[in-house]
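# Analysis of the macromolecular model
Next come the chains, spelled out residue by residue.
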Amino acid sequence: MVTASVDRLDFKLPIRIGEFCILKANVNYAGRTSMEVGVKVFGEHPLTGEQRHTSSAYLTFVALDESGQPTEIPDLIPETDDEQRWYAEARERRAQRLRTRSRPGKEVEG
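Numbering of residues begins from 1 in every chain and follows the order in which that chain's sequence is written. Local features in this predicted model are restricted to residues of pLDDT 70 or higher, and side-chain atom pairs are both shown and tallied only at a pLDDT of 80 or more, whereas totals for entire chains, interfaces and linings draw on every residue. Note that water and hydrogens are dropped before the side-chain values are worked out from all heavy atoms of the structure.

Turning our eyes to something else, we now look at the pairing of strand β3 (residues 34-44). Exposure classes here rest on a 1.4 Å probe applied to the protein chains alone. A residue is buried below 20% of its type maximum, exposed above 50%, and partly exposed in between. Comment: elements are numbered from the N terminus, with helices defined as DSSP H or I runs of at least four residues and strands as E runs of at least two. Summarising burial for β3: 10 of the 11 residues are buried, a large majority. Summarising the sheet, β3 and strand β4 (residues 51-62) pair through 11 bridges and their orientation is antiparallel. The residue of β4 that forms the bridge with Phe-42 is His-53. A pair of strands counts as paired when DSSP detects no fewer than two bridges linking them. Linking two consecutive strands that pair antiparallel, namely β3 and β4, is a turn of six residues; a positive phi of about 80° is found at Gly-49 within it.

Looking now at the packing of aromatic side chains. A pair of Phe, Tyr and Trp rings is counted when the ring centres sit within 6.5 Å of each other, with Trp represented by its six-membered ring. The angle between the planes then sorts it: under 30 degrees is stacked, over 60 is edge-to-face, the rest tilted. Here the structure, examined in full by the defined rule, presents one aromatic pair. Seen from their ring centres, Tyr-29 and Tyr-87 are 5.1 Å apart, and the 45° between their planes marks the pair as tilted. With Tyr-29 in strand β2 (residues 20-30) and Tyr-87 in helix α1 (residues 81-101), this pair connects stretches of sequence that are 58 residues apart. You can call Tyr-29 buried: its relative accessible area is 11%. We note Lys-24 situated over the ring of Phe-42; from NZ or CZ to the ring centre the distance is 4.8 Å. Charge-over-ring placement is defined geometrically: NZ (Lys) or CZ (Arg) within 6 Å of the ring centre, and within 35 degrees of the ring normal.

Structure below.
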């Protein structure tokens, strides 16, 4: 897998010196060769265990085969209500990315 894009990155709070940095991630959506991963970052106080949500991001990864070409990945089957909501929201973000990429005159890197 390679990182294809970072769709959004929101910084809410700083992680303080001496705190643990905890990343929690889940696959929100899987297409034919790519997937969206939602990541939440938390700062954790080492003595109290208090956690603070410090940032969030959506990343898109593309699966590559041995020759560096996109390759198919397994389907994602959302089961819980949360998973179904995340999947639907990720599909809409993907559709928005594709609309943005296909606009005439819109330069896209990458």
